[in-house]
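Spelled out from the first residue to the last, the chains are:
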Amino acid sequence: MTPFTTLDTFVFLVYFVAISAYGIWIYWRKKRSSGKATHDFFLAEGSLTWWAIGASLIASNISAEQFIGMSGSGYRIGMAIAVYELMAAVTLVIVAVFFMPVYLKNRIYTMPQFLEQRYGKAVATTMAVFWLGLYVVVNLTAILYLGALAISSIAGLDVMACMLFLALFATVITLGGMKVIGYTDVVQVLCLVIGGLVTTWIALDLVAALAGGQGALRGMSELYVRAGEHFDMVLSRDNPSYMDLPGLSTIIGGMLIVNLNYWGCNQYIIQRALGADLHTARKGLLFAGFLKLLMPIIVVLPGIAAYALDRSGTLGDAMRPGGELNPDRAYPTLLALLPAGIKGLAFAALTAAVVASLAGKANSIATIFTLDIYNKHFNREASEQKMVWIGRVSVVVSMAIAVLLAPLMGIDKKGGFQYIQEYTGFVSPGILAMFLLGFYWRKTTAAAAMFATIGGLVFSVFLKFLPLAMDLSFLAPIGFAVDNGAGVYEIPFLDRMLIVFIMVVIGMVVMSKMAEQDGALKRMHIDRSLFRVDGGFALGSAVICVLLVAIYGIGW
């Protein structure tokens, strides 16, 4: 393994200085021509182009969760884990067609604002507080800690020092507002994609060397020979990882719940497009969909390459610190193998992913806290400048809390990707049901929405622990229960989400039908013309769908 050299440090510093200088330039340029201060800081209204929106979406989404957690899952499971990325591409198309017009037509800027406009203050405030807790305790902590672990293993620095550096870097970018985040994310994504592809290329070249060859194409061929089982896109029931990715229902069931909630009802994701017009927002989402198709090459293939290299003995004990296998070390271990200079580029790519995601989440925390908590419940007469100041303070406070909590959460023991999915998956079905019925069924009541919030969580917890109370082996023949290795049949995580979603929707419909009041008083303004798309968008969407069919057809 090559040490972190002076050349690597130089390459990284060039990235750091370039991002900082570009961010400062964008901030002062936009400040001179800015309009409403809150929109500039929280939304960048009307200022982001479609390519900036698409790049910012991906930069906010791709982070240590993918580089570290998903690469680790690639090592353990294989290419099937790429379903999270591939299904996201088609989900972005669905969100662009059916979600974005509703938000923009009704001038929705935050998710709690939609809930208040549709269901009332009680539901909105409850969810605002919940989202703040989720973003700080789960998202910020996981990304900070995983990113710090990776950087520490590459550069040989203290983990806490790495967390402080990442938090400080992200905070500085976030304080400039959404305009600075959006445009610096374009550069961040460029670093992420170039650095990620270079890392994948070299990883495949190392695999090729196992058979005395060289080059990524030869490496890909050799990788398929040495780890062919890792290229199954849909897992069979006898696969050890079926509990994580339960066959076909991964594609047509729970995965759709995961992605629609994440891309359509998630403040720190959808916020990038809320300040644009519909045409620009849709082009940005479509662009993000195409970028998503690249992600399996950047974050999953390296994990599979690490698996092949580890089996050959090339990695030594690097994957087993303390003698126990840790798949999440796959990507950092590969980075340590890169030659001087290239390691600095890959290091910059990983840092870019972490910082961009942290900045996006911190800005969304500031947006929800300032607009939906502070302005509505503490100071309705707050000036534009006051709200921007409160937003900046909330960024600093939330980042400080995340730094303090991250080492205490046991993130490295759970596995990074699984940690985030486990905690967000308990509430995703209820949130998605609340949004979909709020959009498209005018009779949905506030009581039904509150039921979705609480009932979705209760149902998820109930199904999680149900196997402890009864034998679910009767569900095994249809794939809805799997032996966990200890003789206990559990419901796969994604199947559980689908079941909870159906239960919540039924409960909401029953409650709304029984209620005397009519939700029409707070209905969304929707007409069919909102869902029409232009020819270019339709063509791009068709290309994404054809590519997905081809990928799954080959890897079936």
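Look above for the structure.
Residues numbered from 1 in each chain as written. Predicted model: local features only at pLDDT ≥ 70, side-chain atom pairs only at ≥ 80, totals over all residues. Heavy atoms only, no water.

### Some thoughts on the overall build of the protein chain
Line of reasoning, step 1. Scanning the protein chain from N- to C-terminus turns up 24 helices and two strands.
Line of reasoning, step 2. Across the 556 residues of the protein chain, 58% fall into the buried class.
Line of reasoning, step 3. Surface summary for the protein chain: the accessible area is close to 21,500 Å², and the carbon and sulfur share equals 67%. (Helix = DSSP H or I, 4+ residues; strand = E, 2+ residues; numbered from the N terminus. Buried < 20%, exposed > 50% of the residue type's maximum accessible area, 1.4 Å probe, protein only. Areas by Shrake-Rupley, 256 points an atom, 1.4 Å probe, with all protein chains shown as cover.)

### What about the packing of helix H7 (residues 121-155) against helix H18 (residues 384-405)?
Line of reasoning, step 1. Closest axis-to-axis distance for the H7/H18 pair is 9 Å, and the angle between their directions is 70°. If you check the angle between H7 and H18, you find them roughly perpendicular. The two elements H7 and H18 meet at a crossing, and its hand is right-handed. Residues Val136, Val137, Leu140, Thr141 and Leu144 of H7 lie in contact with H18, whose contacting residues are Ser398, Met399, Ile401, Ala402, Val403 and Leu405.
Line of reasoning, step 2. Of the residues belonging to the contact of H7 with H18, the class tally is nine nonpolar, two polar and no charged. (Axes fitted to C-alpha atoms, helices over the stretch in contact; angles between N-to-C directions. Parallel < 35°, antiparallel > 145°, perpendicular 65-115°, else oblique. Left-handed = near helix turned anticlockwise from the far one by under 90°. Contact = heavy atoms within 4.5 Å. Nonpolar A, V, L, I, M, F, W, Y, C, P; charged D, E, K, R; others polar.)

### Re H18
Line of reasoning, step 1. End to end, H18 covers 32 Å across 22 residues, agreeing with the expected 32 Å (1.5 Å per residue, within 8%).
Line of reasoning, step 2. Looking at H18, one finds that the buried residues are Met387, Val388, Ile390, Gly391, Ser394, Val395, Ser398, Met399, Ala402 and Val403. (Expected span 1.5 Å × (residues − 1).)

### Focus on the packing of aromatic side chains
Line of reasoning, step 1. Under the definition given, this model contains 18 aromatic pairs.
Line of reasoning, step 2. Seen from their ring centres, Phe165 and Phe169 are 5.9 Å apart, and the 45° between their planes marks the pair as tilted. One end of the pair is Phe165 and the other is Phe169, both in helix H8 (residues 159-175) and four residues apart, which spans about a single turn.
Line of reasoning, step 3. On the basis of relative accessible area, Phe169 is assigned to the buried category, the value being 5%.
Line of reasoning, step 4. For the ring pair Phe439 and Tyr440, a centre distance of 5.7 Å and an interplane angle of 80° mean the geometry is edge-to-face.
Line of reasoning, step 5. By relative accessible area, which is 40% here, Tyr440 ends up partly exposed. (Phe/Tyr/Trp six-rings, centres within 6.5 Å; stacked < 30°, edge-to-face > 60°.)

### Some remarks on the layout of surface pockets
Line of reasoning, step 1. Volume-wise, the second largest pocket comes out at about 450 Å³.
Line of reasoning, step 2. What lines the second largest pocket is a set of 18 residues, among which Met79, Phe231, Met233, Ile551 and Ile554 lie closest to the centre.
Line of reasoning, step 3. Those elements that provide at least two residues to the lining of the second largest pocket are helix H10 (216-226), helix H15 (295-311) and helix H24 (535-554).
Line of reasoning, step 4. For the lining of the second largest pocket, the class distribution of residues is 15 nonpolar, two polar and one charged. (1 Å grid on protein atoms, 1.4 Å probe; cavity = no way out; pocket = protein on both sides within 12 Å on 5 of 7 lines; lining within 4 Å. Points joined across faces, edges and corners; volume = space filled by probe spheres on them.)

### Some details on the environment of Asp527
Line of reasoning, step 1. Take Asp527: it is sitting in the loop between helix H23 (493-514) and H24.
Line of reasoning, step 2. Since its relative accessible area comes to 31%, Asp527 is described here as partly exposed.

### Some thoughts on the side chain of Asn261
Line of reasoning, step 1. Along the chain, the position of Asn261 falls in helix H12 (residues 254-264).
Line of reasoning, step 2. Setting aside chain neighbours within four positions, we find Asn261 in contact with Asn266, Ser428, Ile431 and Leu432.

### Some thoughts on empty space enclosed by the protein
Line of reasoning, step 1. This structure, assessed with the given rule, holds two cavities of 30 Å³ or more.
Line of reasoning, step 2. For the largest cavity, the calculated volume is near 360 Å³.
Line of reasoning, step 3. In this structure, the largest cavity is lined by 30 residues; those nearest its centre are Val258, Tyr262, Asn266, Gln421 and Thr424.
Line of reasoning, step 4. A total of five residues in the lining of the largest cavity trace back to one element, the largest contributor, which is H12.
Line of reasoning, step 5. A breakdown of the residues in the lining of the largest cavity according to their chemical character gives 17 nonpolar, ten polar and three charged.
Line of reasoning, step 6. If you count residues domain by domain, the lining of the largest cavity takes at least three from each of domain 1 (47-415 + 549-555) and domain 2 (426-525).
Line of reasoning, step 7. In this structure, the second largest cavity occupies an estimated 50 Å³ of space.
Line of reasoning, step 8. Lining the second largest cavity are Pro112, Glu116, Lys121, Ala124, Thr125, Ala128, Asp372, Lys376 and His377.
Line of reasoning, step 9. Within the residue set of the lining of the second largest cavity, elements represented by two or more residues are helix H6 (111-119), H7 and helix H17 (342-377). (Domains from an automatic or database assignment.)

### Considerations on the environment of Ser357
Line of reasoning, step 1. Mapped onto the elements, Ser357 comes out in helix H17.
Line of reasoning, step 2. Each C-alpha atom, one on Ser357 and one on Leu57, is 9.2 Å from the other, the two residues being 300 residues apart in sequence.
Line of reasoning, step 3. Once you skip the residues sitting within four places of it in the chain, Ser357 turns out to touch Ala59, Ser60, Ile62, Ser63 and Ile143.

### Description of the pattern of salt bridges
Line of reasoning, step 1. According to the stated counting rule, one finds seven salt bridges in the structure shown.
Line of reasoning, step 2. Of the charged contacts, one joins Lys376 and Glu116 as a salt bridge, the two residues approaching to 2.7 Å between their closest N and O atoms. Of this pair, Lys376 sits in helix H17 while Glu116 sits in helix H6, and the two are 260 residues apart along the sequence.
Line of reasoning, step 3. Glu116 gets classed as partly exposed once you look at its relative accessible area, which sits at 22%.
Line of reasoning, step 4. Here Arg311 makes a salt bridge to Glu229, at a shortest N to O gap of 3.9 Å. Of this pair, Arg311 sits in helix H15 while Glu229 sits in the loop between H10 and helix H11 (249-252); the two residues are 82 residues apart in sequence, bridging distant segments of the chain.
Line of reasoning, step 5. Taken together, the salt bridges that share partners define one network made up of Glu116, Asp372 and Lys376. (Salt bridge = Lys/Arg side-chain N within 4 Å of Asp/Glu carboxyl O.)

### Let's talk about the nonpolar core
Line of reasoning, step 1. Phe67, Tyr84, Leu115 and Phe435 are the most contacted members of the largest nonpolar core, which has 168 residues in total.
Line of reasoning, step 2. Split by domain, this core shows at least three residues from each of two domains, domain 1 (47-415 + 549-555) and domain 2 (426-525).
Line of reasoning, step 3. Counting five residues, the second largest nonpolar core, distinct from the first, contains Leu371, Tyr374, Ala382 and Met387. (Core = buried A, V, L, I, M, F, W, Y, C linked by side-chain atoms within 4.5 Å.)

### Remarks on the environment of Leu57
Line of reasoning, step 1. Looking at the element boundaries, Leu57 is found in helix H3 (residues 50-61).
Line of reasoning, step 2. Placed 234 residues apart in sequence, Leu57 and Leu291 show a C-alpha to C-alpha distance of 9.8 Å.

### With respect to H17
Line of reasoning, step 1. Relative to the 52 Å expected for 36 residues at 1.5 Å per residue, H17 spans 51 Å between its end C-alpha atoms, a close match to the ideal helical length.
Line of reasoning, step 2. Within H17, the axis deviates most sharply at Thr370, by approximately 35°.
Line of reasoning, step 3. Extensive coverage of H17 is indicated by the burial of 31 of its 36 residues. (Bend = angle between axes of the 7 residues up to and from the residue.)

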